[in-house]
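Residue-level structure breakdown
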Amino acid sequence: AQKITQTQPGMFVQEKEAVTLDCTYDTSDPSYGLFWYKQPSSGEMIFLIYQGSYDQQNATEGRYSLNFQKARKSANLVISASQLGDSAMYFCAMREDRGGATNKLIFGTGTLLAVQP
Amino acid sequence: DVKVTQSSRYLVKRTGEKVFLECVQDMDHENMFWYRQDPGLGLRLIYFSYDVKMKEKGDIPEGYSVSREKKERFSLILESASTNQTSMYLCASSLGTAGNTEAFFGQGTRLTVV
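Everything in this summary refers to the structure shown in the same document. Please read these numbers as outputs of a predicted model, since none were measured by experiment.

When helices and strands are counted, chain A shows zero helices and twelve strands. The order of helices and strands in chain A, counted from the N terminus, is β-β-β-β-β-β-β-β-β-β-β-β. In terms of overall dimensions, chain A is globule-like: its C-alpha atoms have a radius of gyration of 14 Å, near the 13 Å expected for 117 residues. Across its three principal directions, the C-alpha atoms of chain A cover 45 × 30 × 20 Å. Counting over 117 residues, chain A shows a buried share of 50%. Excluding contacts between residues fewer than 6 apart, the proportion of contacts in chain A whose partners are at least 24 apart in sequence is 56%. In the form shown here, chain A has an accessible surface area of approximately 5,500 Å², with 50% of it arising from carbon and sulfur atoms. When the 10 basic and 11 acidic side-chain charges of chain A are each reduced to a single mean position, those positions are 4 Å apart.

Encoded structure:
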């Protein structure tokens, strides 16, 4: 069964520093996608970045990068040059791509990031 | 812009009531999802649907049912609300279920059952 684990309930980082948010996953399917979402205190879910299991390179989107280590089944989010506006809850998610219609998207428990000035 | 709209931001219902949470998306997405979000538990999938009248159970379907009569609308039904169903409910939709097809979320419905 697919599973996502985020072991850091909360983290602090100084403004302008980089921070890594951990995510490990479990699946027996060779084809899957990994996602990161940000949820500020206002509550909306904001898509940040996607990594496919067959992608050769780590995904990057601006200050966000995904450190994808397939053998370790980890998909850590790296935020470079943290800003105060990065303070939020961050969720890792996974979808097994089985080629059928029944591919569910599951989430981890989240990491609350606080950026300190 | 994709828009996913949940009918209510806040709801207060009594134990035993039948509760309907409505979700509408405007981008012709095939897939729609219902999650509940609780502190420390993250988002847990209740039900999802990949086509009209098609539905699949997620990880915590007990006490819930869903309806998808039209492609754009996905309803979550609490047949007999209980206090342990007090939670934030999030609806999402996505174009496909493979590749870089991100899910778009509604603003959430905070349901309190008293």
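Having seen the model, we can carry on.
A separate point is the nonpolar core. Nonpolar side chains tend toward joint burial in soluble globular proteins. Residues and elements named next belong to chain A. In terms of nonpolar packing, the biggest core is built from 25 residues, with Trp36, Leu77 and Tyr90 touching the most fellow members. Elements with a minimum of two residues in this core: strand 3 (19–21), strand 5 (32–39), strand 6 (46–52), strand 8 (64–69), strand 9 (74–79), strand 10 (88–96) and strand 12 (111–116). Tallying contributions element by element places strand 10 first for this core, with four residues.

Inspection of every chain in the model, using the stated rule, returns one cavity of 30 Å³ or more. Taken as a whole, the largest cavity encloses approximately 50 Å³ of empty space. Along the wall of the largest cavity there are ten residues; nearest its centre are Arg95 and Leu105 of chain A together with Phe33, Ser94 and Thr101 of chain B. Residue classes in the lining of the largest cavity are distributed as four nonpolar, four polar and two charged.

Residue and element names in this part refer to chain A. Positionally, Ser42 belongs in the loop between strand 5 and strand 6. We classify Ser42 as partly exposed; its relative accessible area is 41%. On a C-alpha basis, the gap between Ser42 and Ser65 in space is 24 Å, while along the polypeptide they are 23 residues apart.

Below, the discussion takes up the interface of chain B and chain A. Each partner contributes to the interface: chain B provides 23 residues, whereas chain A provides 20 residues. Summing the contributions of chain B and of chain A, the shared interface buries around 1,800 Å²; its carbon and sulfur component is 57%. The interface formed by chain B and chain A contains one salt bridge. Notably, a salt bridge pairs Asp59 of chain B with Lys104 of chain A, separated by 2.9 Å at the nearest N-O pair. Elements supplying a minimum of two residues to the side of chain B that touches chain A: strand 4 (31–38) and strand 5 (42–51) of chain B. Sorting elements by how many residues they give to the side of chain B that touches chain A places strand 5 of chain B first, with five residues. In terms of residue class, the side of chain B that touches chain A is made up of eleven nonpolar, eight polar and four charged.

Moving on, we come to unusual backbone geometry. Across residues other than glycine, the phi torsion is negative in most instances, and most of the peptide bonds are trans. The phi dihedral of Lys73 of chain A falls on the positive side, at around 55°, and the residue is not glycine. With respect to the helices and strands, the residue Lys73 of chain A is situated in the loop between strand 8 and strand 9. For Asp28 of chain B, which is not a glycine, the phi torsion comes out positive at approximately 60°. The topology assignment puts Asp28 of chain B in the loop between strand 3 (19–25) and strand 4.

Attention shifts here to the packing of aromatic side chains. Scanning the model with the defined rule gives 13 aromatic pairs over all chains in all. When the ring of Phe35 of chain A is compared with that of Tyr50 of chain A, the centres are 5.0 Å apart and the planes differ by 55°; the resulting orientation is tilted. Here Tyr50 of chain A lies in strand 6 and Phe35 of chain A lies in strand 5, a separation of 15 residues in the sequence. In this structure Phe35 of chain A comes out as buried when scored by relative accessible area, which is 1%. Exposure remark for Tyr50 of chain A: the relative accessible area of 13% places this residue in the buried category. With centroids separated by 6.1 Å and ring planes inclined at 25°, the aromatic side chains of Phe33 of chain B and Tyr35 of chain B adopt a geometry described as stacked. Residue class for Phe33 of chain B comes out buried when judged on its relative accessible area of 2%. Assessed through its relative accessible area of 0%, Tyr35 of chain B is described here as buried. Taken together, the aromatic side chains of Phe35, Tyr37, Phe47, Tyr50, Phe91 and Phe107 of chain A together with Phe33, Tyr35, Phe48 and Phe105 of chain B make up a single cluster linked through ring pairs.

Rules behind the numbers
- Position numbers for residues start from 1 in each chain and track the written sequence from start to end.
- Think of it this way: whatever chain is written first is A, whatever ligand is written first is 1, and the rest follow in order.
- Per-residue local features are limited, in this predicted model, to residues with pLDDT of at least 70; the limit for side-chain atom pairs, both in listing and counting, is 80 or more; totals at the level of whole chains, interfaces and linings are taken over all residues.
- Calculated side-chain values reflect all of the structure's heavy atoms, with hydrogen atoms and water omitted.
- Labels follow the DSSP assignment, with helices taken as runs of H or I lasting at least four residues and strands as runs of E lasting at least two, numbered in each case from the N terminus.
- Taken over C-alpha atoms, the radius of gyration is set against a globule rule of 2.2 Å times the number of residues to the power 0.38.
- When accessible area is computed with a 1.4 Å probe and restricted to protein chains, residues below 20% of their type maximum are described as buried, those above 50% as exposed, and intermediate ones as partly exposed.
- The contact definition used throughout considers only heavy atoms, calling two residues in contact when any of these lie within 4.5 Å.
- Reported accessibility uses the Shrake-Rupley method at a 1.4 Å probe radius. Residues are deemed covered only where the shown protein chains occlude them.
- Counted as positive: Lys and Arg. Counted as negative: Asp and Glu. His and the chain ends are not counted at all.
- Just so you know, the charge point we use is NZ for Lys, CZ for Arg, CG for Asp and CD for Glu.
- Buried residues of nine kinds, namely Ala, Val, Leu, Ile, Met, Phe, Trp, Tyr and Cys, make up a nonpolar core once their side-chain atoms join them within 4.5 Å.
- Cavity: a set of points on a 1 Å grid over the protein atoms alone where a 1.4 Å probe fits but cannot get out. Pocket: an open set with protein on both sides within 12 Å along at least five of seven lines, its lining residues, like those of a cavity, having an atom within 4 Å of a point.
- Grid points are joined across faces, edges and corners, and a volume is the space filled by probe spheres set on the points.
- For this classification, Asp, Glu, Lys and Arg are treated as charged, while Ala, Val, Leu, Ile, Met, Phe, Trp, Tyr, Cys and Pro are nonpolar and the rest, including Gly, are polar.
- For any pair of parts, buried area is found by adding up, for both, the accessible area (1.4 Å probe) each one loses once the two are put together.
- The rule for a salt bridge is simple: a side-chain nitrogen of Lys or Arg has to be within 4 Å of a carboxyl oxygen of Asp or Glu.
- In this analysis, rings of Phe, Tyr and Trp, with Trp reduced to its six-membered ring, are considered paired at centre separations within 6.5 Å, and the interplanar angle assigns stacked below 30 degrees, edge-to-face beyond 60, and tilted for intermediate values.

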